[in-house]
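What follows is each chain in one-letter form.
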Amino acid sequence: MVDNASSNDKAIAYLLRKQPNLYDEGRHFHIRCMAHILNLILKDGLRENNYHVECIRKAVRHIRNSTQIMTKFKKCIEESNVQSSRFLCGDMPTRWNSTYEMLKTAVDLREVFFSYEVQDSSYIHDLERLPEHSDFGACEKLVELSSRLKKKLHQPHQSPWPTYLLEKS
């Protein structure tokens, strides 16, 4: 199984030239990686909602940037009675699943962000734009979609056929 990179296409073409007696002339040899395809879909969704994602990303970075700020934010979590065992995590924009984890946690803690605004005046001044309800709403939709696609990514391991999900979806 390979991803959609052109270098892989070239490698497959080379192997097919070197191994001409493959079953069905090698037509089933090149199977696109569903994880890579889903990754491209999610990245496109993140790009389309970049305004909202970037606002939350900047707020998370600001909070994670200092132990003093993290301590204040954790205190807001305790005071808000939000039931979450997780704390804000950063992301790597090249890895959709890290962005998914960051957004999932931020969406779960959205009320804490609003109460933190009141607690820390530097938060308001240090960011160009504070996250609003619309930002969390848009990111919540992304988290729901990402969650469903993430579940799909783990299903191929339940089937011996690599194209199973593509045929059943």
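Residues numbered from 1 in each chain as written. Predicted model: local features only at pLDDT ≥ 70, side-chain atom pairs only at ≥ 80, totals over all residues. Heavy atoms only, no water.

Q: Got a sec to walk through the overall build of the protein chain? Specific residues and values, please.
A: A tally of helices and strands in the protein chain yields nine helices and zero strands. Counted from the first residue to the last, the protein chain has its helices and strands arranged as α-α-α-α-α-α-α-α-α. Intrachain contacts of the protein chain at a sequence separation of at least 6 include 66% that bridge at least 24 residues. Accessible surface computed for the protein chain: about 11,000 Å², of which carbon and sulfur atoms make up 51%. (Helix = DSSP H or I, 4+ residues; strand = E, 2+ residues; numbered from the N terminus. Contact = heavy atoms within 4.5 Å. Areas by Shrake-Rupley, 256 points an atom, 1.4 Å probe, with all protein chains shown as cover.)

Q: Give a description of the side chain of D135 that names residues and reports values.
A: Within the secondary structure, D135 is located in helix 8 (residues 133-154). Once you skip the residues sitting within four places of it in the chain, D135 turns out to touch Y51, H52, C55, I56, R129 and L130.

Q: A description of helix 3 (residues 50-64) should follow, citing residues and the corresponding values.
A: Between its terminal C-alpha atoms helix 3 stretches 20 Å, which fits the 21 Å expected from 15 residues at 1.5 Å a residue. Along helix 3, the positions that sit buried rather than exposed are H52, V53, C55, I56, R57, A59, V60, H62 and I63. (Expected span 1.5 Å × (residues − 1). Buried < 20%, exposed > 50% of the residue type's maximum accessible area, 1.4 Å probe, protein only.)

Q: Can you lay out the pattern of salt bridges for me, pointing to particular residues and giving the numbers?
A: With the rule as written, the count across this model stands at nine salt bridges. Between E101 and R86 there is a salt bridge, with the nearest N and O atoms lying 2.7 Å from each other. With E101 in helix 5 (residues 96-108) and R86 in the loop between helix 4 (67-80) and helix 5, the pair connects residues that are 15 residues apart, well separated along the chain. Three or more residues are tied together by salt bridges with common partners; here these are E54, R57 and D91. (Salt bridge = Lys/Arg side-chain N within 4 Å of Asp/Glu carboxyl O.)

Q: Tell me about the nonpolar core, and name the residues and values.
A: Core analysis: the largest hydrophobic core is formed by 29 residues, its most contacted members being I63, F73, L88, L103, F113 and Y123. Where this core is concerned, the elements lending two or more residues are helix 3, helix 4, helix 5, helix 6 (110-119) and helix 8. Dropping the residues within four chain positions of it, F113 is found in contact with A59, V60, I63, F73, L88, A106, Y123, P131 and F136. (Core = buried A, V, L, I, M, F, W, Y, C linked by side-chain atoms within 4.5 Å.)

Q: Break down the packing of aromatic side chains for me, citing the residues and quoting the values.
A: Each aromatic ring pair is specified by the distance between its two centres and by the angle formed by the two planes. For the structure shown, the criterion picks out six aromatic pairs. Summarising the aromatic geometry, the rings of F73 and F113 are spaced 5.1 Å apart at their centres and angled 65 degrees between planes, so their arrangement reads as edge-to-face. Taken together, the positions of F73 in helix 4 and F113 in helix 6 put the pair 40 residues apart, joining distant regions of the chain. When the ring of F113 is compared with that of F136, the centres are 5.4 Å apart and the planes differ by 50 degrees; the resulting orientation is tilted. With F113 in helix 6 and F136 in helix 8, this residue pair connects regions lying 23 residues apart in the sequence. Take F113 and F136: they sit in the same class, and that class is buried. (Phe/Tyr/Trp six-rings, centres within 6.5 Å; stacked < 30°, edge-to-face > 60°.)

Q: Tell me about the packing of helix 3 against helix 4, and please be specific about residues and values.
A: At a closest axis distance of 6 Å, the pairing of helix 3 and helix 4 adopts a crossing angle of 110 degrees. Accordingly, the angle class assigned to the pair helix 3 and helix 4 is roughly perpendicular. Where helix 3 abuts helix 4, its residues H62, I63 and R64 lie against I69, M70 and F73. Of the residues assigned to the contact of helix 3 with helix 4, the class counts are four nonpolar, one polar and one charged. (Axes fitted to C-alpha atoms, helices over the stretch in contact; angles between N-to-C directions. Parallel < 35°, antiparallel > 145°, perpendicular 65-115°, else oblique. Nonpolar A, V, L, I, M, F, W, Y, C, P; charged D, E, K, R; others polar.)

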